[in-house]
Amino acid sequence: MLFQKIYNIVRFIPEGKVLTYKAIASHLGLKDIRLIGYALHGNPDTDNIPCHRVVKSDGSLAKGFAYGGPGIQKQLLQQENVNFDHEGKINLLKYLWEIPKEQSS
DNA sequence: CTTTTGACTGAGT
DNA sequence: AACTCAGCCAAAA
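Below: a short report on this structure. (Residues numbered from 1 in each chain as written. Chains lettered and ligands numbered in written order. Predicted model: local features only at pLDDT ≥ 70, side-chain atom pairs only at ≥ 80, totals over all residues. Heavy atoms only, no water.)

Digging into the side chain of Gln73
Along the polypeptide, Gln73 turns up in helix H4 (residues 72-79). Taking the relative accessible area as the measure of exposure, Gln73 reaches 2% and is therefore buried. (Helix = DSSP H or I, 4+ residues; strand = E, 2+ residues; numbered from the N terminus. Buried < 20%, exposed > 50% of the residue type's maximum accessible area, 1.4 Å probe, protein only.)

A closer look at the pattern of salt bridges
Counting across every chain of the model gives 3 salt bridges. Between Lys89 and Glu87 there is a salt bridge, with its nearest N and O atoms 3.5 Å apart. (Salt bridge = Lys/Arg side-chain N within 4 Å of Asp/Glu carboxyl O.)

With respect to the protein's contact with DNA strand B
What surrounds DNA strand B is a group of 14 residues, the closest being Lys22, Gly37, Tyr38, Leu40 and Ser57. Sugar and phosphate atoms constitute 46% of the interface atoms of DNA strand B, taking the interface as everything within 4 Å of the protein. Within the contact set of DNA strand B, a phosphate oxygen lies 2.9 Å away from a side-chain nitrogen or oxygen of Lys22. Ser57 places a polar main-chain atom, nitrogen or oxygen, 2.3 Å from a phosphate oxygen of DNA strand B. Mapped by element, the contributors of at least two residues to the surface near DNA strand B are helix H2 (21-28) and helix H3 (34-41). If one sorts the elements of the surface near DNA strand B by residue count, H3 sits on top with 5 residues. Considering only residue class, the surface near DNA strand B consists of 7 nonpolar, 4 polar and 3 charged. (Near = heavy atom within 4 Å. Polar contact = N/O pair within 3.5 Å; in protein donor to acceptor, adjacent residues only side chain to side chain. Nonpolar A, V, L, I, M, F, W, Y, C, P; charged D, E, K, R; others polar.)

A closer look at H2
Those residues of H2 that fall on the buried side of the exposure criterion are Tyr21, Ile24, Ala25 and Leu28. For H2, the arc enclosing every buried residue in end-on projection is 95°, short of the 170-degree limit, so these residues lie on one face. Across H2 from its buried face, at more than 90 degrees, point the exposed residues Lys22 and Ser26. Next to the buried residues of H2 lie helix H1 (2-10), strand S1 (19-20), H3 and strand S2 (54-55). Gly29 occupies a position one or two residues after H2 and carries a positive phi of about 75°. (Arc of directions from axis to C-beta. Contact = heavy atoms within 4.5 Å.)

Right, here's the structure in full:
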């Protein structure tokens, strides 16, 4: 299942790091970026899948985030020492996690 | 069983 | 700059 591959990657995002929808889709060879977000929409393992560490390609947060309410995602990231700039976006050059090849299936 | 739609993005109009 | 279209999976209606 494709979703499993998505979860399998998101699940390993280390603390203080983030991943973009694009990065994940690209890693899996997908063109439809929405699948990443949609996979998280039906997030089956919220305990092991840190959906708050997945952001849009420009570093801003997904608008449809509902992990406990809008704004929660930002708080969770700040708890992990992830800084937001004046636009409320993350510095991807600094926080974007490089996906190990071993994680792909 | 068929249709709709959605945590996105980049190119084309 | 604002809007549309394509990409093409899975769950919900």
